[in-house]
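Examination of the molecular architecture
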Amino acid sequence: MQQGLSVSYFWSKDFLLSKKMLWAFFISNLLGTVYGYEWYWAQMVDTIANYPVWYVYFVPDSPTASLFFTLSIGFLLMDRSLDQQPNKLYRAIRGFVEAFALITSFKYGIWAVAMIWTGAWQGVPVGWDGWMLTGSHLAMAVEALLFVRWYRYRLTAIIIVAIWTFWNDFMDYERGIFPRLPRELEDNLHTIEWFTVGLSMTGILIAVICLLTRKKRST
């Protein structure tokens, strides 16, 4: 088999960072983000009507993760056109976006799939939309892990995103604005809360390990 057709080529730098693939990831995730916000729209409207307005920022978990991943791809696209070294503000913003994309895309990608199939185990029907959401959310987690090799975030960005992530968990389960669940899962809410916090911790740990690995390779 030729090198260009080997399986490893499809997660190589030459393939994933090609202009066509970056645009494909950017557009597909942008469309998924729009769909995600539309999916959460009714809950966002209800939240604004019944809670302080700022609570709404903590409602659309998955589409916000997808939005930041889309932005992280945008930065990779910009790498191809920048003629000079970015300034500190650009690097700081980019680092925050990338850390947010990695931690939340992994977290909510796994979370959504777990909720769909835990519900299915308890009798919730899985239609075409359940399969579609399973595939798209698994893709969220996988693509974040694929592109972390080219992320440039630092520890400060991880700390800021960690604060947001745990605050989001607090808002979801202590203030009651968690994503709407099937009735069959309502009696598992306490377990779901701790599962969600565990995913937050795992995502943050992955971000730290990737950062340390990058620093080790650069020395």
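Now for a description of the structure that goes with this document. (Residues numbered from 1 in each chain as written. Predicted model: local features only at pLDDT ≥ 70, side-chain atom pairs only at ≥ 80, totals over all residues. Heavy atoms only, no water.)

Two elements in contact, helix α4 (residues 88–121) and helix α5 (residues 128–147), have axes whose closest approach is 8 Å; the angle formed by their N-to-C orientations is 150 degrees. With respect to α5, the element α4 is oriented roughly antiparallel. At the point where α4 passes α5, the crossing takes the left-handed sense. Residues Ala101, Leu102, Ser105, Phe106, Tyr108, Gly109, Ile110, Ala112, Val113, Ile116 and Trp117 of α4 form the contact with α5, whose participating residues are Gly130, Trp131, Leu133, Thr134, His137, Leu138, Met140, Ala141, Ala144 and Leu145. Here the residues of the contact of α4 with α5 are counted per class, giving 16 nonpolar, 5 polar and no charged. (Axes fitted to C-alpha atoms, helices over the stretch in contact; angles between N-to-C directions. Helix = DSSP H or I, 4+ residues; strand = E, 2+ residues; numbered from the N terminus. Parallel < 35°, antiparallel > 145°, perpendicular 65-115°, else oblique. Left-handed = near helix turned anticlockwise from the far one by under 90°. Contact = heavy atoms within 4.5 Å. Nonpolar A, V, L, I, M, F, W, Y, C, P; charged D, E, K, R; others polar.)

Looking now at the nonpolar core. With 31 residues, the main nonpolar core has Ile73, Phe147, Tyr151 and Tyr153 as its most contacted residues. Every element with two or more residues in this core is listed here: α1 (13–16), α2 (19–50), α3 (61–79), α4, α5, α6 (155–174) and α7 (189–218). With 7 residues, α4 is the largest single contributor of residues to this core. Leave out the neighbours within four places in its chain, and Tyr151 touches Phe69, Ser72, Glu98, Ala101, Leu102 and Arg214. The next biggest cluster of nonpolar side chains, apart from the first, holds 11 residues, and it includes Ala112, Met115, Ala141 and Leu181. (Core = buried A, V, L, I, M, F, W, Y, C linked by side-chain atoms within 4.5 Å. Buried < 20%, exposed > 50% of the residue type's maximum accessible area, 1.4 Å probe, protein only.)

Along the polypeptide, Ala207 turns up in helix α7. The contact partners of Ala207, leaving out residues within four places of it in the chain, are Leu102, Ile103, Tyr153 and Ile158.

Attention now moves to the packing of aromatic side chains. Within the structure shown, the criterion is met by 22 aromatic pairs. With centroids separated by 4.6 Å and ring planes inclined at 15 degrees, the aromatic side chains of Phe58 and Trp164 adopt a geometry described as stacked. With Phe58 in the loop between α2 and α3 and Trp164 in helix α6, this pair connects stretches of sequence that are 106 residues apart. When the centroid spacing of 6.1 Å and the interplanar angle of 50 degrees are considered together, the rings of Phe100 and Trp164 count as tilted. Of this pair, Phe100 sits in helix α4 while Trp164 sits in helix α6; the two residues are 64 residues apart in sequence, bridging distant segments of the chain. Take Phe100: its relative accessible area is 4%, and that puts it in the buried class. Directly above the ring of Tyr153 sits Arg214, whose terminal nitrogen or CZ lies 5.2 Å from the centroid. (Phe/Tyr/Trp six-rings, centres within 6.5 Å; stacked < 30°, edge-to-face > 60°. Lys NZ or Arg CZ within 6 Å of the ring centre and 35° of its normal.)

The residue Glu98 is located in helix α4 in this model. On the basis of relative accessible area, Glu98 is assigned to the buried category, the value being 0%. Of the polar contacts made by the side chain of Glu98, one reaches the backbone nitrogen of Tyr153; its length is 3.4 Å. Those residues in contact with Glu98 that sit more than four places away from it in its chain are Ser72, Trp150, Tyr151, Arg152 and Tyr153. (Polar contact = N/O pair within 3.5 Å; in protein donor to acceptor, adjacent residues only side chain to side chain.)

All right, on to α2 then. The end-to-end C-alpha distance of α2, which contains 32 residues, comes to 45 Å, matching closely the 46 Å that a straight helix rising 1.5 Å per residue would cover. Its maximal kink placed at Trp41, α2 deviates by approximately 50 degrees. Buried within α2 are the following residues: Leu22, Phe25, Asn29, Thr33, Gly36, Tyr40, Gln43, Met44 and Thr47. (Expected span 1.5 Å × (residues − 1). Bend = angle between axes of the 7 residues up to and from the residue.)

Here we take up a positive patch on the surface. A grouping of Lys88, Arg91, Arg154 and Lys215 is seen on the molecular surface, where their side chains present a positively charged patch. Here Lys88 lies in helix α4. You can call Lys88 exposed: its relative accessible area is 68%. (Patch = residues over 30% accessible without salt bridge, like charges linked within 9 Å, V, L, I, M, F, W, Y side chains within 5 Å. Areas by Shrake-Rupley, 256 points an atom, 1.4 Å probe, with all protein chains shown as cover. Salt bridge = Lys/Arg side-chain N within 4 Å of Asp/Glu carboxyl O. Lys, Arg positive; Asp, Glu negative; His and termini not counted. Charge placed at Lys NZ, Arg CZ, Asp CG, Glu CD.)

Remark: α3 packs on α4, axes separated minimally by 8 Å, with the N-to-C direction vectors making an angle of 135 degrees. In terms of orientation, α3 and α4 fall into the oblique class. When the axes of α3 and α4 are compared, the crossing they make is left-handed. Across the interface between the two elements, Asp61, Ser62, Thr64, Ala65, Phe68, Phe69, Leu71, Ser72, Phe75, Leu76, Met78 and Asp79 of α3 pack against Tyr90, Ile93, Arg94, Phe96, Val97, Glu98, Phe100, Ala101, Thr104, Ser105 and Tyr108 of α4. A class-by-class count of the residues in the contact of α3 with α4 yields 14 nonpolar, 5 polar and 4 charged.

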